[in-house]
Amino acid sequence: MANLKIFIAGHKGMVGSALIRLLKKQKEIEIITRGRAQLDLTNQADVQKFFKKEKINQVYLAAARVGGIYANSTFPAEFIYENLMIETNVINSAFLSGVKKLLFLGSSCIYPKYANQPMKEEELLTGKLEPTNEPYAIAKIAGIKLCESYNRQYSKSHSIDYRSVMPTNLYGPGDNYHPENSHVIPGLIRRFHEAKNIKAPFVTVWGTGTAKREFLYIDDMANACVHIMNLDKTTFNQQSKKTISHINAGSGSDLTISELAKIIKLVVGYEGDIKFDQTKPDGSPRKLIDSQRLNNLDWKPKVSLKQGLSNAYKDFLKST
């Protein structure tokens with residue numbers, strides 16, 4: 001029996017790395033990867049040549065231009081252009097080359113800023129997006145609609161099954177700890193660690209500390225992706241709809257940024273104070289997604305927030 005050839009787009013990122021760790025444990029799988037220097041996913045001709053040559057069976061589309069509030073606000077053109085090009089080229093080239101199964105990874109920022117909480121899949125396109133990451137969110141919405149549209153037009157004639165999963169905020173090994181372009185957890189881990197080293201009297205956290213966020217450990221996310229990819233079509237379709245086909249993946253609970261900062265302070269072992277810079281933006285007031293559809297498909301996370309943050313801090317120490 002020939003090995004299943006699985007292309008992980010974005011294999012060096014946090015999600016892609018976790019997918020590789022998980023899929024390597026399975027037999028009869030050949031994992032295909034390409035670094036940015038080998039394959040520019042924003043180049044349509046190169047992507048089409050790659051798919052035609054490699055004869056891929058499945059695709060996990062985890063490649064994306066990502067960043068926190070600062071990066072999204074500073075580079076909006078790059079965020080919308082690169083993400084639109086990556087997903088358009090990969091999804092269309094996968095289809096043209098005969099790939100039957102593909103999983104597109106989105107983001108919970110696709111939902112309106114003031115969406116009902118917890119955010120069900122049906123909240124998509126019901127209101128205005130959070131302005132600080134609107135270009136990125138629009139690109140991710142386009143990715144969902146690409147998968148939906150290809151399924152609607154070609155699922156019967158070409159037997160394709162392209163699915164989308166919307167993770168909540170992710171963290172863990174492989175995260176980006178850049179002092180300005182990182183997300184909230186890796187950013188706070190770095191800040192508290194550096195403050196501990198120089199014995200700073202306090203650490204400043206952006207915003208009021210009242211915004212609430214949900215977090216999912218990266219290995220749990222990888223497990224959810226493989227679970228969704230491998231579900232038979234009949235079972236999956238019981239929790240999916242033709243024009244609301246994406247599936248949320250979250251931990252099921254959230255906490256304030258203030259509460260999160262206190263836990264990270266404890267994990268890092270910092271003994272100073274925490275101050276909040278209220279001149280900086282909070283972003284969305286709350287972002288808790290409803291993961292009931294995924295739970296109904298017999299999946300739940302396994303790693304607690306405290307354990308996950310401890311693992312993330314160990315990963316940060318290795319990377320410094």
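Check the entry above for the structure.
Residues numbered from 1 in each chain as written. Predicted model: local features only at pLDDT ≥ 70, side-chain atom pairs only at ≥ 80, totals over all residues. Heavy atoms only, no water.

Participant: Describe the environment of Ala115, with residues and values.
Facilitator: Mapped onto the secondary structure, Ala115 falls in the loop between strand E4 (101–105) and helix H5 (134–158). Judged by its relative accessible area of 9%, Ala115 is buried. In sequence terms Ala115 and Asn248 are 133 residues apart; their C-alpha atoms lie 14 Å from each other. (Helix = DSSP H or I, 4+ residues; strand = E, 2+ residues; numbered from the N terminus. Buried < 20%, exposed > 50% of the residue type's maximum accessible area, 1.4 Å probe, protein only.)

Participant: So what about the packing of aromatic side chains? Which residues, and what values?
Facilitator: Tallying each qualifying case throughout the model produces 12 aromatic pairs. Joined through ring pairs, the aromatic side chains of Phe7, Phe50 and Phe51 make up one cluster. Cation over ring: Arg163 sits above Phe236, and NZ or CZ is 4.1 Å from the ring centre. For Lys275, the ring lying beneath its charged end belongs to Phe202, and the centroid distance is 4.2 Å. (Phe/Tyr/Trp six-rings, centres within 6.5 Å; stacked < 30°, edge-to-face > 60°. Lys NZ or Arg CZ within 6 Å of the ring centre and 35° of its normal.)

Participant: Go over H5, please, and point to the residues and values.
Facilitator: An α-helix turns once every 3.6 residues. As a result, residues three or four positions apart point the same way. Its 25 residues place the ends of H5 34 Å apart at the C-alpha level, agreeing with the 36 Å of an ideal helix rising 1.5 Å per residue. The largest bend along H5 measures about 45° and falls at Arg152. Just beyond H5, the residue with positive phi is Ser159, at close to 55°. (Expected span 1.5 Å × (residues − 1). Bend = angle between axes of the 7 residues up to and from the residue.)

Participant: Tell me about the pairing of strand E8 (residues 212–217), and name the residues and values.
Facilitator: For E8, a buried count of 5 out of 6 residues is recorded, marking the element as mostly surrounded by other parts of the structure. The sheet contact formed by strand E6 (residues 169–171) and E8 spans 3 bridges and is parallel. Among the inter-strand pairings, Asn169 is bridged to a residue of E8, identified as Phe215. Where E8 and strand E10 (residues 254–256) come together, 3 bridges link them in antiparallel fashion. The partner of Arg213 across the bridge, within E10, is Leu255. Pairing of E8 with strand E12 (residues 286–287) involves 2 bridges; the strand directions are parallel. Bridge pairing in E12 links Arg213 to Lys287. (Pairing = 2+ DSSP bridges.)

Participant: Give a description of the layout of surface pockets that names residues and reports values.
Facilitator: Approximately 350 Å³ is the volume attributed to the second largest pocket. Elements represented by at least two residues in the lining of the second largest pocket include exactly H5, strand E5 (161–167) and helix H8 (233–237). The dominant element in the lining of the second largest pocket, judged by the number of residues it contributes, is H5, at 5 residues. Tallied by class, the residues present in the lining of the second largest pocket amount to 2 nonpolar, 5 polar and 8 charged. (1 Å grid on protein atoms, 1.4 Å probe; cavity = no way out; pocket = protein on both sides within 12 Å on 5 of 7 lines; lining within 4 Å. Points joined across faces, edges and corners; volume = space filled by probe spheres on them. Nonpolar A, V, L, I, M, F, W, Y, C, P; charged D, E, K, R; others polar.)

Participant: Describe the sheet that holds E5, and please don't skip the residues or the numbers.
Facilitator: Taken in spatial order, the 6 strands make up an open sheet running E2-E1-E3-E4-E5-E9, and their pairing is parallel. Two strands in the sheet have a free side with no partner beyond their single neighbour: strand E2 (29–32) and strand E9 (247–249). Ignoring which end each strand starts from, the neighbouring axes of this sheet average 20° apart. Where E5 meets E9, 3 bridges bridge the pair, whose relative direction is parallel. Note on E9: the bridge partner recorded for Val165 is Ile247. Set on the sheet, helix H1 (residues 14–23) makes contact with strand E1 (4–9), E2, strand E3 (58–61) and E4; between it and E1 the angle comes to about 160°. (Axes fitted to C-alpha atoms, helices over the stretch in contact; angles between N-to-C directions. Contact = heavy atoms within 4.5 Å.)

Participant: Any details on empty space enclosed by the protein? Residues and values, ideally.
Facilitator: This structure, assessed with the given rule, holds 2 cavities of 30 Å³ or more. Its boundaries defined by the atoms lining it, the largest cavity holds a volume of some 50 Å³. Residue lining of the largest cavity: Ser108, Cys109, Tyr111, Pro112, Lys113, Met119, Glu130, Asn133, Ser284, Arg286 and Lys287, and that is the complete set. Of the residues in the lining of the largest cavity, the class split is 4 nonpolar, 3 polar and 4 charged. Of the pockets and cavities examined, the second largest cavity occupies roughly 30 Å³. Together, Leu61, Ala63, Asn83, Ile86, Glu87, Phe104 and Lys140 line the second largest cavity. Take the lining of the second largest cavity: its biggest share by element is 3 residues, from helix H4 (residues 76–96). Split by residue class, the lining of the second largest cavity holds 4 nonpolar, 1 polar and 2 charged.

In short, geometric facts, not functional conclusions.
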